[in-house]
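Reading the structure
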Amino acid sequence: MENIIDYLKAERSQEWRNEIRKSMKTKERTSKVRASMPEADPEVRNKSNVEVNTGLDKDIAILEAQRCIDCPTPTCIDGCPVGIYIPKFIKKIEVGDFLAAASVLKETNGLPAVCGRVCPQEKQCEASCFYTLKLNKPPVAIGYLERFAADYERNSGKATVPEVAGSSKVKVAVVGSGPAGLAASGDLAKLGYDVTVFEALHEIGGVLKYGIPEFRLPNDIVDFEIENLRKMGVKFRNNFLVGKTASFEDLKADGFEAFFVGSGAGLPRFMNIPGENYNGIFSSNEYLTRVNLMNAANPEFDTPVISGKNVAVIGGGNTAMDSVRTAKRLGAKRAMIIYRRSEEEMPARVEEVKHAKEEGIEFMNLHNPLEYYADETGRVKSAKIQKMKLGEPDASGRRRPIPIEGSEFVVDVDTVVVSVGVSPNPIVPASLSKLEITDWGTIVVDKDTMQSSTMPEIFAGGDIVRGGATVILAMGDGRKAAAGMHKYIQEKTKAN
Amino acid sequence: MSKILEKEFFSENVAKIVLLAPEIARSRKPGHFVIIKIGDKGERVPLTIASSDDEKGSITLVVQKVGVTSAKLLKLEVGDEVTDVVGPLGKATHIEKVGTVLCAGGGVGVAPLMPIVEGFKKAGNRVITVLAARTKDLVILEEQMRKYSDEVIIMTDDGTYGRQGLVTQGMEEVIKREKVDMSVIIGPAIMMKFGALTTKKYNIKTYVSLNTIMVDGTGMCGACRVSVGGKTRFVCVDGPEFDAHQVDFGQMMMRMGAYKDQEYAAYQKYLGTLETVA
Ligand SMILES: Cc1cc2nc3c(=O)[nH]c(=O)nc-3n(C[C@H](O)[C@H](O)[C@H](O)COP(=O)(O)OP(=O)(O)OC[C@H]3O[C@@H](n4cnc5c(N)ncnc54)[C@H](O)[C@@H]3O)c2cc1C
Ligand SMILES: Cc1cc2nc3c(=O)[nH]c(=O)nc-3n(C[C@H](O)[C@H](O)[C@H](O)COP(=O)(O)OP(=O)(O)OC[C@H]3O[C@@H](n4cnc5c(N)ncnc54)[C@H](O)[C@@H]3O)c2cc1C
Ligand code: SF4
Ligand code: SF4
Ligand code: FES
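Residues numbered from 1 in each chain as written. Chains lettered and ligands numbered in written order. Predicted model: local features only at pLDDT ≥ 70, side-chain atom pairs only at ≥ 80, totals over all residues. Heavy atoms only, no water.

Tallying the contact residues gives 42 residues for chain B and 41 residues for chain A. Between chain B and chain A lies a buried interface of about 3400 Å² when both sides are counted; carbon and sulfur atoms form 52% of it. Viewed at the interface, chain A and chain B are joined by 3 salt bridges. Here Glu23 of chain B makes a salt bridge to Arg237 of chain A, at a shortest N to O gap of 3.1 Å. For the pair chain B and chain A, the number of links is 18 residue pairs in polar contact (both at pLDDT 80 or more). Counting only elements with at least two residues in the side of chain B that touches chain A, the list comes to α1 (22-27), α2 (68-75), β8 (84-89), β15 (225-228), β16 (231-234), α8 (249-256) and α9 (260-277) of chain B. By residue number, the principal contributor to the side of chain B that touches chain A is β8 of chain B, which donates 6 residues. Of the residues contributing to the side of chain B that touches chain A, the split by class is 16 nonpolar, 13 polar and 13 charged. (Contact = heavy atoms within 4.5 Å. Buried area = accessible area lost by both parts, 1.4 Å probe. Salt bridge = Lys/Arg side-chain N within 4 Å of Asp/Glu carboxyl O. Polar contact = N/O pair within 3.5 Å; in protein donor to acceptor, adjacent residues only side chain to side chain. Helix = DSSP H or I, 4+ residues; strand = E, 2+ residues; numbered from the N terminus. Nonpolar A, V, L, I, M, F, W, Y, C, P; charged D, E, K, R; others polar.)

Spelled out as structure tokens, the structure:
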């Protein structure tokens, strides 16, 4: 993408950027220590829903922004799936123009306050920062700074709504309101389309609402970003399951010319071990949905949830960390992670594992459940656990867990949350017989345009294509798809 | 938001509610259900679509008051709105011409049975329907059932209407009398369990519609899971109808009791708030 490189060069040689670069020696910049994120006290936060990370203050943000040396070839951008103009927004922070920094973020990312909180930065932008690659020093805290600028703008009351091109009458549909769908709808609205987002649940936001807990991503923040999309003219239809409430054919007959499918990976996997259907054993989706979406822990709400004393969460991903930390907050005496590999192989964000440990979560790594036992009412009371060791790397490159025979023992548990992964939501694929899907149920698309291999009017992205990924990868897909849809519609219009 | 167009009580605790939901009315088939939620703090509750009217854009639910949400729904009046309604959910009943179909409904299971009876009749089957209830006042939808059944047998526990006895007695009588090709049983879990045992004795292919606890109804949470033929299935997307002879009813009944204490406490609390208002 040559024009992007040229654009970045031109931006970098602007007067204000030259000046700020010269204002401090590189040596001085690289000798500064990375900012640390202020956090709520672990013993307070593990009993409430307060946000764990409390955010940088202005002075610290400016100090951290000074660390960025404004590289001629900013490799950090390659690590960001939505291509945020990272040095540009950071330098705006350095000069103290925080609102301008937020505008830079919004050029390419509709949900900066979300990404600044939940991106696995250590694997993305920060992994390809000059500091990481060349200096072997802690990277610039890109994620913290992103969150800072987005929060500053939101709290300032001066948030701007991105401009939309003169509205066209062409109707496009977005299926699913998770990050993939929200990113696609933002870009489509900017391009001037008449966008409707269809969402099966009663709330908009996908996993951002029903999955990721309040203490990591407050719902207000998600709602604020959704409100921005509304202001850009995006329409939202909740309680609408595409493929059931109306078929794609019905929607086509209603005038929708192209579709973006961001229906996510909402089908929970179980381990199929004896006793797994006893009461008190949940999928992490059910456990987190009851607590986050239905507010089950609040007695004012009608949905019940079981809050156990001895809670075991099976798995080592973000979902497992969110579940176990939720259990602790619901009053568990013992909240433990049971994970079959070692901490090194854990897919969860490093920060979540650290936070979990501070909050008093027990980690039983290299352990795996074999069977559950229940009391006479059918409520789980204990689990048989086996110890594991690591063998040779498997296809995923991670070392394979091998059971140690004879190492089994029983632990008391009254709640178990199974968090061993999800599969793609089958409702859309099942309602489109011509759609090409893989053996794993993901939709096959062109990786640049995100267009379906067999149905030109259908585009897809996020977990329904990747099987399970991250917020920012889903958003990157949504943005690519919006561009792909624009091209498809323009060509179709020309042909007619 | 869906407006309530009509409401009619069949008995003290059972009412018919007609809701404006044009898209659902257009897409639904027998066997489908909706999930409703009342108010911002409400829970999501599944209810079968008993019938629909494409012209009016309406769907009909038949609801039995058993706890907080059903009580709240039956308190709403014509003109009020139900906050959230999503559907149609689940797999539609597979309806074809098989010969003679024995349909058995108990309690509020009679409501979901109605569109199935109608469907099988329209497909050219001989349909015999057994309706079971504790007592005369709890027999619902009899007239509608008669319209689409070749014969309706009514069984009450106390003998105040129809014949005295259990649903299984009524079923067995028919099976002994004539050749039955298929059976559909919908009602409380315990009734479905014994109904299924009855038809199994005679090797009659039988379907039941399971009313497990649900949250999302789209296959996302697994709350509705139940063991069928030794495999875990999700009632909201794989069902709600399953081969009756494969269902693990013991497990299903156990799972339905998961929140019994909390539900009971919540209902008592809800009744308490009503009294203080009144
Ligand atoms: C508990 C948890 C914690 C996580 N933590 C992180 C994290 O810290 N960082 C990170 O980067 N990633 C995290 N992830 C992963 C990340 O959330 C997902 O990769 C991302 O949300 C995928 O986005 P999506 O838009 O593809 O789908 P989703 O967010 O799953 O949204 C899909 C939406 O589509 C709706 N839908 C489905 N079918 C239909 C239909 N037929 N009609 C209408 N609507 C439909 C669903 O109801 C849902 O709302 C986490 C995931 C979970 C579950
Ligand atoms: C696919 C499906 C279709 C359904 N169709 C209908 C319908 O058409 N009409 C209807 O009235 N109900 C129907 N149900 C059952 C209905 O969803 C429940 O009655 C409802 O959830 C009760 O909510 P509540 O808050 O009023 O009571 P809760 O507080 O949830 O329950 C109160 C008490 O009733 C018991 N209970 C809950 N559900 C049932 C049940 N199904 N049978 C017997 N006891 C139960 C509970 O164990 C509890 O003790 C259906 C369920 C499913 C899964
Ligand atoms: S969106 Fe995510 S990957 Fe991109 S810069 Fe922000 S934190 Fe990094
Ligand atoms: S690579 Fe690091 S130092 Fe270089 S511009 Fe990006 S954030 Fe700044
Ligand atoms: S109700 Fe959630 S999967 Fe069936």
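And the narrative resumes.
This next bit is on the sheet that holds strand β16 (residues 458-460) of chain A. Across a sheet, strands are paired by hydrogen bonds formed along the backbone, either parallel or antiparallel in direction. Residue and element names in this part refer to chain A. The strand order β3-β2-β1-β4-β16 describes an open sheet built from 5 strands, whose pairing is parallel. At either margin of the open sheet sits one strand with a lone partner, and together these are β3 (235-237) and β16. Shown here is a sheet whose adjacent strand axes are inclined to one another by a mean of 25°, direction ignored. Pairing geometry for strand β1 (residues 171-175) and strand β4 (residues 256-261), over 5 bridges, is parallel. Bridge pairing in β4 links Lys171 to Phe256. Sitting on the sheet, helix α20 (residues 471-495) touches β1, β4 and β16, and the angle it makes with β4 is about 160°. (Pairing = 2+ DSSP bridges. Axes fitted to C-alpha atoms, helices over the stretch in contact; angles between N-to-C directions.)

Attention shifts here to the site of ligand 4. All residues adjacent to ligand 4 are Cys68, Ile69, Cys71, Thr75, Cys76, Pro87, Cys129, Phe130, Tyr131 and Ile142 of chain A. In terms of residue class, the shell around ligand 4 is made up of 9 nonpolar, 1 polar and no charged. (Near = heavy atom within 4 Å.)

Residue and element names in this part refer to chain A. Neither face of strand β14 (residues 415-418) is exposed, since Thr415 and Val417 on one face and Val416 and Val418 on the opposite face are all buried. Summarising the sheet, strand β7 (residues 310-314) and β14 pair through 4 bridges and their orientation is parallel. From the neighbouring strand, Val313 faces β14, where its bridge partner is Val417. (Buried < 20%, exposed > 50% of the residue type's maximum accessible area, 1.4 Å probe, protein only.)

Okay, the pairing of strand β9 (residues 100-106) of chain B next. Taken residue by residue, a regular strand's side chains alternate between the two faces of the sheet. All names here are of chain B. Where burial is concerned, most of β9 is hidden: 7 out of the 7 residues are buried. By the alternation rule, side chains of β9 split into Thr100, Leu102, Ala104 and Gly106 and Val101, Cys103 and Gly105, which are all buried. As paired elements, β9 and strand β10 (residues 126-133) share 7 bridges and run parallel to each other. Residue pairing in the sheet places Gly105 in a bridge with Leu131 of β10. Taking the sense of rotation as the criterion, the β-α-β connection linking β9, helix α3 (residues 110-122) and β10 turns out right-handed. (Right-handed = clockwise from strand over helix to strand, strands pointing away.)

Let's shift gears to the site of ligand 1. Residues and elements named next belong to chain A. For ligand 1, the set of nearby residues contains 37 residues, the closest of which are Val118, Ala180, Glu199, Arg216 and Asp463. The contact in question runs from an oxygen atom of ligand 1 to an N or O atom on the side chain of Glu199, over 2.7 Å. The backbone of Ala200 places a nitrogen or oxygen atom 3.1 Å from a nitrogen atom of ligand 1. In isolation ligand 1 exposes 1000 Å². Once the protein is present, 95% of that is buried. Counting only elements with at least two residues in the shell around ligand 1, the list comes to α11 (179-190), α16 (318-329), α18 (427-431) and α20. Tallying contributions element by element places α16 first for the shell around ligand 1, with 3 residues. Residues belonging to the shell around ligand 1 are distributed by class as follows: 19 nonpolar, 13 polar and 5 charged. (Areas by Shrake-Rupley, 256 points an atom, 1.4 Å probe, with all protein chains shown as cover.)

A few words now on empty space enclosed by the protein. If a probe the size of a water molecule is rolled over the atoms, the empty space left behind becomes visible. Enumeration according to the criterion identifies 7 cavities of 30 Å³ or more in this entry. Lining the largest cavity are 17 residues, and of these Asn109, Gly110, Leu111, Gly186 and Leu229 of chain A lie nearest its centre. Of all the elements in the fold, those that place two or more residues in the lining of the largest cavity are α7 (98-108), α11, α13 (219-231) and α20 of chain A. For the lining of the largest cavity, the per-class residue count stands at 7 nonpolar, 5 polar and 5 charged. Elements with a contribution of two residues or more to the lining of the second largest cavity: β6 (281-283) of chain A together with α8 of chain B. (1 Å grid on protein atoms, 1.4 Å probe; cavity = no way out; pocket = protein on both sides within 12 Å on 5 of 7 lines; lining within 4 Å. Points joined across faces, edges and corners; volume = space filled by probe spheres on them.)

For the rest of this paragraph, the subject is the pattern of salt bridges. Residues and elements named next belong to chain A. For the structure on display, the rule yields 60 salt bridges over all chains. Its salt-bridge partner being Arg17, residue Asp70 comes within 3.0 Å of it at the nearest N-O pair. You can see Asp70 sitting in the loop between α5 (58-67) and α6 (86-94) and its partner Arg17 sitting in helix α2 (residues 15-22), a full 53 residues away along the chain. We classify Arg17 as buried; its relative accessible area is 3%. Its salt-bridge partner being Arg329, residue Glu359 comes within 2.9 Å of it at the nearest N-O pair. Of this pair, Glu359 sits in the loop between α17 (350-358) and β9 (362-365) while Arg329 sits in helix α16, and the two are 30 residues apart along the sequence. The class for Arg329 is buried, based on a relative accessible area of 12%.

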